[in-house]
Amino acid sequence: MGTCSEQSVKLDSLPGVWRAGDRRSVSEHGNFSTGFKELDECLPGGGWPLGGLTEILSRRNGSGELRLLLPALVRLSLRKGWISWVAPPHVPYAPALAAQGIRLSRMVVVRPRSMRDALWAAEQTLRQGAPSATLLWLEGGDEKALRRLQLAAAESGSWGIVFRPQQYARTSSPSMLRLAVDTEDDALRVRILKCRGGRPVEELHLSDHARFRARCQVMGDDLASNAFTNL
Amino acid sequence: MKQAQQLHLFSTQPAIPRARVVRVRPARPRLQRTRRMPLWLAVHLPRLAIEALHRDDPLQPHAAIEASRGTMRIASMNEAAAASGIEAGMTLAGGWALLPQLEVHEREPAKERECLYRLALRAQRFTPLSTLDEQAVLLEVRGSLALFGGAEALLARAAEMFTQARFTFSLALAPTPRAALWLARAQRRVHVDAPDELPGALGDLPLAATGFAPDVLEHLHGLGARRLQDVMRLPRDGIGRRYGARIVRELDQALGRLPDVRLPVPLPKRFSTRLDVVHEISLTANLLPPLGRLLDELEDYLAVTQQGVRRMVIDLVHRDRSITPVAIGFANATRDGRRMRQLVEQRLESVALPAPVLEIGLKVTEMTLLAGADRSLFQEGRGDDRWPEIVETLRMRLGDDAVASVAHVEDYRPERAWRFVAPGQAQDTAGLPNRPCWLLTPPQPLTERRGQPFLDGPLRIIDGPERIETGWWDEADVSRDYFSALDANHRRLWICREVKTGRWWWQGVFA
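Everything quoted here is computed from the prediction, not taken from an experiment. (Residues numbered from 1 in each chain as written. Chains lettered and ligands numbered in written order. Predicted model: local features only at pLDDT ≥ 70, side-chain atom pairs only at ≥ 80, totals over all residues.)

Before going further, it helps to spend a moment on the nonpolar core. Ranked by size, the top nonpolar core spans 175 residues in total, and within it L136(A), L41(B), A42(B), V43(B), A63(B) and A180(B) carry the most contacts. With eight residues, helix α3 (residues 65-78) of chain A is the single largest residue contributor to this core. Among residues more than four places away in sequence, those in contact with A63(B) are I50(B), I74(B), S76(B), M77(B), A81(B), I86(B), G95(B), L102(B) and V104(B). (Core = buried A, V, L, I, M, F, W, Y, C linked by C-beta atoms within 7 Å. Buried ≥ 20, exposed ≤ 12 C-beta atoms within 10 Å, placed from the backbone. Helix = DSSP H or I, 4+ residues; strand = E, 2+ residues; numbered from the N terminus. Contact = placed C-beta atoms within 7 Å.)

Right, let's get into unusual backbone geometry. Residue and element names in this part refer to chain B. A cis amide bond links T441 with the next residue in sequence, P442, at an omega value of -5°. With respect to the helices, strands and loops of the structure, P442 is situated in strand β14 (residues 438-449). Backbone geometry places N434, a non-glycine residue, at a positive phi of 55°. Mapped onto the fold, N434 is located in the loop between β13 (418-421) and β14. Here the phi dihedral of H490 falls at roughly 65°; this positive angle occurs in a residue that is not glycine.

Across the sheet, which stays open at both edges, the 10 strands sit in the order β11(A)-β10(A)-β9(A)-β3(A)-β8(A)-β7(A)-β4(A)-β6(A)-β12(B)-β13(B) with mixed pairing between neighbours. Every other strand in the sheet has two partners, leaving β11 (201-206) of chain A together with β13 of chain B as the edge strands with one partner each. The mean angle between the axes of side-by-side strands here comes to 25°, regardless of whether they run parallel or antiparallel. The pairing of strand β10 (residues 187-195) of chain A with β11(A) spans four bridges and is classified as antiparallel. When the sheet's bridge partners are listed, L188(A) is paired in β11(A) with L206(A). Contacting β3 (52-58) and β8 (159-165) of chain A, helix α6 (residues 143-156) of chain A crosses the sheet at an angle of about 135° to β3(A). The sheet strands contacting helix α18 (residues 386-398) of chain B are β4 (82-86) and β6 (107-110) of chain A together with β12 (403-408) of chain B, and the helix crosses β12(B) at an angle near 110°. (Pairing = 2+ DSSP bridges. Axes fitted to C-alpha atoms, helices over the stretch in contact; angles between N-to-C directions.)

Right under this line is the structure:
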């Protein structure tokens, strides 16, 4: 008996080993708070899983995907992590991103000419270890391509975020986490489709309230946070 | 009497003012001279004149010729020619009479100097104090003996290097550079360790080993002097008067009684090297092995000069002398051979060869000082260190323009408030409030229905207007009212109406 429990202790302490239902040991590279308390609570490890792919599905570009990610990206750039934007649908607008708190000096925009180049470029940027994030916009992309990216991220501990159209929700994917995101009257509506080490969540409403508070925490600005609470 | 004269000649000279030597080269190994004598390794290249021109064809007799005393004479010949009786100083006509198939090349002193210089640079792997003399490379190696495991091991390594470079050479070790040089010239593979052994070791050398001018040698020969010890016995002031102070000085320097300051060869400010390939190369993949040798040379050079390369050009030379240049840029300067090779390999994949390659050149067009970071540190690739490499790889395949950072520019016109800059070159700013994360370039025109902007459905304005009016001083003056509006999919768009025309434009998406 004693041997058995000893073994389980050892297994737990091994990197990369996780047990179903255990919320603490999903990603060997740790997790990164999303900045949204409600979302953190639903995610194993309490945040975005590093060292793997997070897939975000939406009906159209601009349906709140960036809003969902911004708090974490801001914090990443404050920690001097590199943020690569691969094949973005539009120009990431520097004045707005700077106003959100992103350090422009840690941001790189990659504009490949083909999807093949985009996948290749993302695989390269994912080789940069943590803290770093690669944002990749794909109109398609098969499971095999995503698996390569997942592997690259897992190897380096980098965080990969793949944006895809909603219709891919039904296809299988090697990503660690899959979300569908939408906006409704200025609030974010998030569904967790797949979550390694956790369980799917039907629907989650993230209000600007949460986002604002998250941002204040990110900026380490307790005053602003308090000011908001007092409102 | 003779004994007294010899003493007079070589012992009354004041001892070397050693402090002066220290002052001349404070940071070099000779700083330790007060505690330990230097040790010089001389590598003499007796066939430099021909080997600088030709050293790939050992079975064919080759000779270098030069004009001297009114006629073309053999200056140097390879082993095959020497075996057939060709000797230095022979007239060309005499040489051909002896050996009709002798191939001759006109001597090129510039090429000889370049060869020596390149060898001296490469020899800096043994010691920072690497320098040149006539047909010889001189290395001060006392400080390197421990590193290389003793004098014999060091000699073996040096021999290996010169053998690989395919030069005929002879080696000698001595406490003074001139003694080492003379011993090497006389082909005495000896190791004289202490200065007091010098007179004995040198005395036995034939006079020709000194490299004194031919008329001096001839005159000394006429006096009956055959070996250095014969000259050492001659009256010192007599030698000075008859042959010039230089001979006395060189003798004193050889014996360590006068300082003989040697400065290390200056490193070239630019790196440029080339290589002939043995067989024409038509596949880019086959360029890699010879290029690897050039990159080795570059890596040595960068390590010695503590520099990193930013830009370099590989010139692929074809038979008709046309050149296919391949430019390679590094986001961050590097001297990591592995990284350089990786990038070169990647870059060559996209090169189409118009014709087979006969010659490869490698030159560095931009370098920068890269202070002493341990190279293994780069190779470990801890976190941030890999980033420049990644950016380079991306730019290499996708093009420089495809990889950029976005910067905030002070301009009221939204479409001009940003621009692309080189990766990582954007300044951190506070940004502008109420701006969308996505900018549409160019803005999309919107239709209007019942006085409302329309995009797949009416747009519901939730914020605005914000009047932006500026730019009258140049041609692109604008006057617009900006609004936030929700579309049918609940996306928040950034739209504007031109004040003059009343036309609607869609310019951004709040994500």
